[in-house]
Amino acid sequence: MKVEKEIFYHANSNIKYNVGDTIIFDENTTNKMYDLVYNTSFMLNNIDANELMINKKRNKDMNFSIEELQLLANTVNHSAFVLRELALEEIRLKYCPDLPSRLRCLYVCEKESDAINWSEVLKRNGKQAKQILTLELTGTIFKGDGSMMFRVNKPYIEHLKTAKEYWSNSTNKQDEILFMGTAKVIGVKNID
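Remember, predicted model here, so these are calculated numbers, not experimental data.

(A) Main features of the overall build of the chain. Secondary structure summary: the chain contains 5 helices and 5 strands in total. Dimensions of the chain along its principal axes, counting C-alpha atoms only, are 65 × 40 × 30 Å. Expressed as a percentage of its 192 residues, the buried residues of the chain come to 40%. Taking the contacts inside the chain whose residues are at least 6 apart along the sequence as the reference set, 85% of them involve residues at least 24 apart. Accessible area for the chain stands at about 11400 Å²; split by element, carbon and sulfur atoms hold 51% of it. Each charge class in the chain was averaged separately, 26 positive and 26 negative side chains, and the resulting centres sit 3 Å apart.

(B) Broad picture of the packing of helix H3 (residues 66–95) against helix H5 (residues 156–168). Viewed as axis vectors pointing N to C, H3 and H5 meet at an angle of 55°, and their least axial separation amounts to 8 Å. Considered as vectors, H3 and H5 are oriented oblique to each other. Here the hand of the crossing between H3 and H5 comes out right-handed. Between H3 and H5, the contacting residues are Ala-80, Leu-83, Arg-84, Leu-86, Ala-87, Leu-88, Glu-90, Ile-91, Arg-92 and Tyr-95 on the first element and Tyr-156, His-159, Leu-160, Ala-163, Lys-164, Tyr-166 and Trp-167 on the second. Taken together, the residues that form the contact of H3 with H5 break down as 12 nonpolar, 1 polar and 4 charged.

(C) Region of the structure containing helix H2 (residues 49–58). Within H2, the full set of buried residues consists of Ala-49, Leu-52 and Lys-56. The buried residues of H2 occupy an angular sector of 60° when projected down its axis, which confines them to one face. Counted as exposed and oriented over 90 degrees from the buried face of H2: Asn-50, Lys-57 and Arg-58. Regarding H2, its N-cap is Asp-48, as a side-chain oxygen of that residue lies 3.2 Å from the backbone nitrogen of Asn-50 further along. Remark: Lys-60 follows H2 within two positions and exhibits a positive phi of approximately 50°.

(D) Spotlight on unusual backbone geometry. If you check the backbone angles, Asn-46 has positive phi at about 65° while not being a glycine. Note that Asn-46 resides in the loop between helix H1 (32–38) and H2. Asn-46 sits in the exposed class, given a relative accessible area of 69%. Unusually for a residue other than glycine, Lys-60 sits at a positive phi of about 50°.

(E) Layout of the layout of surface pockets. A volume near 1200 Å³ is recorded for the largest pocket. For the largest pocket, the lining is made up of 40 residues, of which Met-33, Leu-36, Trp-118, Leu-122 and Lys-127 are closest to its centre. Elements supplying a minimum of two residues to the lining of the largest pocket: strand S1 (2–12), strand S2 (22–25), H1, H3, strand S3 (106–108), helix H4 (112–124) and strand S5 (176–190). Counting residues per element, the lining of the largest pocket draws most heavily on H3, which supplies 5 residues.

(F) Here's a closer look at the pairing of S2. Residues of S2 alternate between two faces, with Ile-23 and Phe-25 buried on one and Thr-22 and Ile-24 left unburied on the opposite face. Inspection of the sheet shows S2 paired to S5 by 4 bridges, in the antiparallel sense. Among the inter-strand pairings, Ile-23 is bridged to a residue of S5, identified as Ala-183.

(G) Main features of the packing of H2 against H3. Packing of H2 against H3 leaves a shortest axis separation of 9 Å and a crossing angle of 130°. Classified by the angle between their axes, H2 and H3 sit oblique to one another. The chirality of how H2 crosses H3 is left-handed. Mapping the contact onto sequence places Ala-49, Leu-52, Met-53 and Lys-56 in H2 and Glu-68, Leu-71, Leu-72 and Thr-75 in H3. Looking at side-chain class alone, the contact of H2 with H3 contains 5 nonpolar, 1 polar and 2 charged residues.

Conventions adopted
Residues numbered from 1 in each chain as written. Predicted model: local features only at pLDDT ≥ 70, side-chain atom pairs only at ≥ 80, totals over all residues. Heavy atoms only, no water. Helix = DSSP H or I, 4+ residues; strand = E, 2+ residues; numbered from the N terminus. Buried < 20%, exposed > 50% of the residue type's maximum accessible area, 1.4 Å probe, protein only. Contact = heavy atoms within 4.5 Å. Areas by Shrake-Rupley, 256 points an atom, 1.4 Å probe, with all protein chains shown as cover. Lys, Arg positive; Asp, Glu negative; His and termini not counted. Charge placed at Lys NZ, Arg CZ, Asp CG, Glu CD. Axes fitted to C-alpha atoms, helices over the stretch in contact; angles between N-to-C directions. Parallel < 35°, antiparallel > 145°, perpendicular 65-115°, else oblique. Left-handed = near helix turned anticlockwise from the far one by under 90°. Nonpolar A, V, L, I, M, F, W, Y, C, P; charged D, E, K, R; others polar. Arc of directions from axis to C-beta. Polar contact = N/O pair within 3.5 Å; in protein donor to acceptor, adjacent residues only side chain to side chain. 1 Å grid on protein atoms, 1.4 Å probe; cavity = no way out; pocket = protein on both sides within 12 Å on 5 of 7 lines; lining within 4 Å. Points joined across faces, edges and corners; volume = space filled by probe spheres on them. Pairing = 2+ DSSP bridges.

Any functional reading would require information beyond the geometric quantities listed.
So, in structure tokens, the structure goes:
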């Protein structure tokens, strides 16, 4: 859906912004989701989870340290996340390429209270929101059902089915809003 000079809010965990700043999200912009999908790996003493498991099996040693278990848990969780996001992007590109990419968008909220809630979610996930931004948006938004974004290990074909449902927006819960375009900062609330 196209928007022009409409007010939305954003829980900002990036660089600090000031009133009057302009933020551009377009096909050349990436966000933290992109980095999580394409630039994140988990290692322990320069060994990834696959090598750890191969070594354990070869040595007939199935005893795991807490650090090794954390490596395995992080890898499994991240793999589910990556498969989900790649399926979402594949379906978006195939069926609705004009909608904002989850990997190249700014996540926004219709109400300031929702942005504050997102700042709490970020905090629980080890990230710190620095500001609640009030933005004047001109561009394209997509309202999707954020409740569908669980990290579940399932066959890729199942991720594709979920992705089709997400982009069709058939549930109408609209828990998350993706934006691509130009955002003008018109208000800033710093979070301590």
